[in-house]
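# Breakdown of the fold
What follows is the residue order along each chain.
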Number of protein chains: 2
Amino acid sequence: MGAPVSTGLLEAAVYVEDLDATEAFYGGLLGLERLTRRDGRHVFFRCGEGVILTFIAEATRVPSDDASALPVPPHGAIGPGHVCLAAKAEEMNEWERHLRENNVEIEADFFWPNGARSIYLRDPAGNSVEIADKTLWRRG
Amino acid sequence: MGAPVSTGLLEAAVYVEDLDATEAFYGGLLGLERLTRRDGRHVFFRCGEGVILTFIAEATRVPSDDASALPVPPHGAIGPGHVCLAAKAEEMNEWERHLRENNVEIEADFFWPNGARSIYLRDPAGNSVEIADKTLWRRG
């Protein structure tokens, strides 16, 4: 029998160094709601129906304090990861203006062959963060 | 002025080693539709409205062949990352059965304090893959 059908992406994870800087970026600059923070370990942000998890890798490579009740498996990567936030096509110009107004360096800004636009920036830990027209992967 | 509002997670990325094994896992075992593959570099899978990107980090740390037309910024992490697929609450038992029928090792399987269940397994590269009741992060 085949697998049940996943309804979508629930969480994406990136690894960071400084949780205050991470909050300023994802919560402040990108305007995402902070869901929860554990100092020294993680801060999570709501993004539509999904959640962006930002972790300090050294802390998530070991079992958490409450591992007996919540045995969350360890993980933790080093080096720049990637995450992409969906945006309304008609708001891509507004995203660009918002980033420019905040003196954020835009690393790339282009249109894919199907006409969808992507804007790329870096979070404070160096992860590649993309803001893309949500039609980017839509079926043709 | 505040940031525009992202409509959700569009992409989550993990780094892998063997694209065939990766396809067997995400496409075969987890039943996700393969969107595109570039041998030696990446394979992408549709997951609801989002996309799971799997990359060979050594290949994505350098500019891609068509960087002049599509200047996708480099990224690439080493070590186990994390991604979570949303599932219908009433299908969590079916996910468990499906994984067991396929002799997949379930690393963890528990209920969060709010009653949502998560099942964790590893992809062939060692990334922590979670299948979670999609109500996990729902507002109370």
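Residues numbered from 1 in each chain as written. Chains lettered and ligands numbered in written order. Predicted model: local features only at pLDDT ≥ 70, side-chain atom pairs only at ≥ 80, totals over all residues.

The name recorded for chain A in an unreviewed UniProt entry is Bleomycin resistance protein, from Thioclava marina.

### Quick notes on the interface of chain B and chain A
The following threshold applies: Throughout, a pair of residues is in contact if the C-beta atoms placed from their backbones lie within 7 Å. In this text, helices come from DSSP runs of H or I with a minimum length of four residues, and strands from runs of E with a minimum of two, each type numbered from the N-terminal end. Polar here means any residue outside two lists: the nonpolar Ala, Val, Leu, Ile, Met, Phe, Trp, Tyr, Cys and Pro, and the charged Asp, Glu, Lys and Arg; Gly therefore counts as polar. When DSSP locates at least two bridges between a pair of strands, those strands are taken to pair.
Listed by partner, the interface residues are 60 residues for chain B and 59 residues for chain A. A per-element tally of the side of chain B that touches chain A places strand 1 (residues 8–15) of chain B first, with seven residues. Considering only residue class, the side of chain B that touches chain A consists of 37 nonpolar, 14 polar and nine charged. Here strand 5 (residues 82–87) of chain A runs beside strand 1 of chain B; their pairing, made up of four bridges, is antiparallel. The partner of V83 of chain A across the bridge, within strand 1 of chain B, is A12 of chain B.

### Observations concerning the sheet that holds strand 3 (residues 42–47) of chain B
Quick note on the threshold: Orientation is described by axes fitted as lines to C-alpha atoms, over the contacting stretch for helices, and by angles from 0 to 180 degrees between their N-to-C directions.
Taking strand neighbours across the sheet as the criterion, the eight strands line up as 6(A)-7(A)-8(A)-5(A)-1(B)-4(B)-3(B)-2(B) in an open arrangement whose pairing is mixed. The open sheet has two edge strands with one neighbour each: strand 6 (108–111) of chain A together with strand 2 (33–38) of chain B. Averaged over all pairs of adjacent strands, the angle between their axes in this sheet comes to 20°, without regard to strand direction. As judged from the six bridges shared by strand 5 of chain A and strand 8 (residues 128–133) of chain A, these two strands associate in the parallel manner. Counted as the bridge partner of C84 of chain A is E130 of chain A from strand 8 of chain A. Set on the sheet, helix 3 (residues 92–101) of chain A makes contact with strand 5, strand 6, strand 7 (117–122) and strand 8 of chain A; between it and strand 7 of chain A the angle comes to about 20°. Packed on one face of the sheet, helix 1 (residues 19–29) of chain B meets strand 2, strand 3 and strand 4 (50–55) of chain B and runs near 5° to strand 3 of chain B.

### Some thoughts on the relation of the copies chain B and chain A
Threshold: Alignment of copies: least-squares fit on C-alpha atoms of residues with pLDDT of at least 70 in both copies.
Between the two copies, chain B and chain A, the superposition gives an RMSD of 0.0 Å; the rotation angle is 180° and the shift along the axis is 0.0 Å. Those values place the two copies in the arrangement expected of a two-fold rotation axis.

### What to know about the sheet that holds strand 5 (residues 82–87) of chain B
Two pairing modes exist for strands in a sheet, parallel and antiparallel, and in both the strands are linked by backbone hydrogen bonds. Here we have eight strands laid out as an open sheet, ordered 2(A)-3(A)-4(A)-1(A)-5(B)-8(B)-7(B)-6(B), and mixed in their pairing. Both edges of this open sheet fall to strand 2 (33–38) of chain A together with strand 6 (108–111) of chain B, since each of them pairs with a single strand only. Each adjacent strand pair in this sheet contributes to an overall mean axis angle of 20°, direction not counted. In the packing of helix 1 (residues 19–29) of chain A onto the sheet, the strands contacted are strand 2, strand 3 (42–47) and strand 4 (50–55) of chain A, and the crossing angle to strand 3 of chain A comes to about 5°.

### A word on the environment of R46 of chain B
Applied cut-off: Exposed residues have 12 or fewer other C-beta atoms within 10 Å of their own C-beta, buried residues have 20 or more, and partly exposed residues fall in between, where C-beta atoms are placed from the backbone.
Tracing the sequence through the fold places R46 of chain B in strand 3. Under the C-beta neighbour-count criterion, R46 of chain B is labelled partly exposed, with 19 such atoms within 10 Å. On a C-alpha basis, the gap between R46 of chain B and L32 of chain B in space is 6.0 Å, while along the polypeptide they are 14 residues apart. Excluding residues that lie within four positions of it along the chain, R46 of chain B makes contacts with W137 of chain A together with L32, E33, L35 and V51 of chain B.

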